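# Examining the three-dimensional arrangement
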Amino acid sequence: MAPADLDAAERISDAAYGDVEPSFGHRSAAGRERWLRRTGHLLATDPGGCVVAVAGDEVVGFAVSFRRETTWFLASYAVRLDLQGQGIGRQLMEAASSYGVDCPRAMLSASADPKAEQRYRAAGFTLVPQWRFAGTARVEDGSLASGTVDLDALDRQVRGSGHGPDHAILAAQFRLVTTDGGYAYLDEDGTPAVLCAHDDDTARSLLRNALATGSAPTVAHVTDANPWARAVAEEAGLVAQPSGSLAVRGMEPPAPYLHQGALL
Ligand SMILES: CC(C)(COP(=O)(O)OP(=O)(O)OC[C@H]1O[C@@H](n2cnc3c(N)ncnc32)[C@H](O)[C@@H]1OP(=O)(O)O)[C@@H](O)C(=O)NCCC(=O)NCCS
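Residues numbered from 1 in each chain as written. Predicted model: local features only at pLDDT ≥ 70, side-chain atom pairs only at ≥ 80, totals over all residues. Heavy atoms only, no water.

### A word on the pattern of salt bridges
We count it as follows: Note on definitions: salt bridges are taken to be side-chain nitrogens of Lys or Arg within 4 Å of carboxyl oxygens of Asp or Glu. Helix and strand definitions here come from DSSP, where helices need a minimum of 4 consecutive H or I residues and strands a minimum of 2 consecutive E residues; each element is numbered from the N-terminal end. Per-residue accessibility, obtained with a 1.4 Å probe over protein chains only, is compared with the maximum for each type, and a residue is labelled buried under 20%, exposed over 50%, and partly exposed between these values.
All chains considered together, the criterion is met by 13 salt bridges. Residues Asp46 and Arg68 are paired through a salt bridge, measuring 2.9 Å at the closest nitrogen-oxygen approach. Placement of Asp46 in the loop between helix H2 (29-45) and strand E1 (50-55) and of Arg68 in strand E2 (residues 58-68) is noted, with a sequence separation of 22 residues between them. Taken individually, Asp46 and Arg68 each receive the classification buried, so the pair is uniform in this respect.

### Regarding the nonpolar core
Short version of the rule: Nonpolar cores were defined as sets of buried Ala, Val, Leu, Ile, Met, Phe, Trp, Tyr and Cys residues, with membership established by side-chain atoms within 4.5 Å. Domain extents, as shown, originate in an automatic or database domain assignment. Whether two residues are in contact is decided by their heavy atoms: any pair within 4.5 Å suffices.
In this structure, Met1, Phe62, Val64, Met107, Tyr183 and Tyr185 are the most contacted members of the largest nonpolar core, which totals 37 residues. Counting residues domain by domain, this core receives three or more from each of domain 1 (3-103) and domain 2 (132-258). Beyond its immediate stretch of four places on either side in the chain, Phe62 contacts Met1, Ala9, Ile12, Ser13, Trp35, Val51, Val52, Ser76, Tyr77, Ala78 and Leu92. With 23 residues, the next largest nonpolar core counts Val51, Ala63, Val79 and Ala247 among its residues.

### Some thoughts on the domain arrangement of the protein
Spelled out, the test is: A simple way to read buried area is as the amount of 1.4 Å-probe accessible surface that goes missing from two parts once joined, with both sides added.
Domain assignment breaks the protein into domain 1 (3-103) and domain 2 (132-258). Between the C-alpha centres of domain 1 and domain 2 the distance comes to 25 Å. Taken residue by residue, the interface counts 14 residues in domain 1 and 15 residues in domain 2. When domain 1 packs against domain 2, close to 1,300 Å² is buried across both sides, 48% of that on carbon and sulfur atoms.

### Looking at the pairing of strand E8 (residues 192-197)
In plain terms, the rule: Between any two strands, at least two bridges found by DSSP are needed for them to pair.
By the criterion of burial, E8 is predominantly enclosed, with six of the six residues buried. Taking the residues between adjacent antiparallel strands as the criterion, strand E7 (residues 182-186) and E8 are bridged by five residues, where Gly190 takes a positive phi near 100°. Alignment of E8 against strand E11 (residues 257-258), held across two bridges, turns out to be antiparallel. Looking at the pairing, Leu195 lines up with Leu258 of E11.

### Remarks on the site of the ligand
Rules: A single heavy atom is enough: if one lies within 4 Å of a molecule or strand, its residue is considered near that molecule or strand. Contacts described as polar in this section are N or O atom pairs within 3.5 Å, which, within protein, must combine one atom able to donate a hydrogen with one able to accept it, while residues neighboring in sequence count only if both atoms come from side chains. To be clear on the numbers: accessible area is Shrake-Rupley with a 1.4 Å probe, and residue cover counts the displayed protein chains and nothing else. Polar here means any residue other than Ala, Val, Leu, Ile, Met, Phe, Trp, Tyr, Cys and Pro, which are nonpolar, and Asp, Glu, Lys and Arg, which are charged; Gly is therefore polar.
Near the ligand you find 23 residues, and of these Arg90, Ser111, Asp113, Gln118 and Arg119 are the closest. Here a nitrogen atom of the ligand and a backbone polar atom of Tyr77 are 2.8 Å apart. A distance of 2.8 Å is found between an oxygen atom of the ligand and a backbone nitrogen or oxygen belonging to Gly85. About the coverage of the ligand: the protein hides 73% of its 960 Å² of free accessible area. When contributions to the shell around the ligand are tallied by element, the ones reaching two or more residues are helix H1 (6-20), strand E3 (71-79), helix H3 (88-99), strand E4 (105-110) and helix H4 (114-122). Among the elements that line the shell around the ligand, the one with the most residues is H4, at six residues. Residues that form the shell around the ligand fall into these classes: 11 nonpolar, eight polar and four charged.

### Quick notes on the sheet that holds E2
Rules: Each axis is a line fitted through C-alpha atoms, and for a helix only the stretch in contact is used; angles between axes span 0 to 180 degrees, taken between their N-to-C directions.
One open sheet holds the seven strands; their spatial order is E1-E2-E3-E4-E10-E5-E9, and the pairing between them is mixed. A single partner strand is all that each edge strand has here, and the edge strands are E1 and strand E9 (219-222). Across the sheet, the mean angle separating the axes of adjacent strands is 20° when strand polarity is ignored. Where E2 and E3 come together, eight bridges link them in antiparallel fashion. Looking across to E3, one finds that Ser65 is bridged to Leu74.

Structural data, given as structure tokens:
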């Protein structure tokens with residue numbers, strides 16, 4: 001992949017993801033800018049993990065992957081709608097995976113597309129169901145003592161690998177909230193993009209604060225490994241919908257942790 005391929009990749013991903021999850025609709029102009037900036041960042045840090053499939057001189061599919069310490073992550077992966085199911089995705093996955101071959105751990109957030117699930121199972125991943133909680137949040141206790149935390153050290157403890165250079169892009173796109181033993185990156189509506197904590201009580205407190213102070217928060221990417229998140233979301237009156245799966249290889253689903261879909 002070259003920087004000049006990013007626009008085509010964004011269009012392919014918007015159409016492909018919109019087809020799998022029609023309720024999400026298409027990206028807004030701001031969402032598109034965020035996608036381009038984030039993906040451009042990963043292309044700059046990990047050019048060897050970012051690949052395109054080309055027909056003639058046209059990009060028809062891509063995979064964006066990156067390594068952080070001992071973990072390989074797949075950020076984004078799609079094939080043009082009319083060419084799916086013909087083996088292009090398999091070749092892209094093989095090329096991207098070879099970049100992570102020395103990483104004992106791997107993680108990605110999978111859509112509900114059975115073709116994607118098939119590709120991930122074939123690559124040795126275990127798929128854990130995810131839920132997204134949405135609705136009108138009602139939370140009384142939004143208090144949170146601010147504190148300091150070593151972000152990468154906590155990442156390592158909870159997720160196995162620090163976000164390293166991705167903290168800069170997360171901080172540029174979300175609001176960072178820190179407390180002793182935990183941190184969260186929050187969207188403008190209060191939705192946690194990443195939430196990482198040393199223990200369940202700290203995680204609960206961070207999530208309650210996000211729900212209490214946000215305008216229309218949702219809680220995404222909740223797996224059974226994080227029952228504290230389900231409990232807080234349900235207490236707040238949010239309703240669960242299935243939302244793809246978390247795919248892990250060589251590791252357990254991180255906890256207490258909520259991941260960002262692309263930067264994990
Ligand atoms: C996921 C995606 C990138 C895969 O690319 P692709 O070119 O369609 O994939 P391939 O044709 O190489 O492989 C599809 C696999 O699914 C299988 N498959 C096709 N339809 C299926 C179905 N309904 N149920 C189960 N498996 C199915 C195929 O047999 C093939 O598996 P095999 O090679 O082991 O036989 C592409 O389908 C896509 O863009 N999907 C929408 C976006 C998305 O969900 N991206 C992943 C986000 S995590």
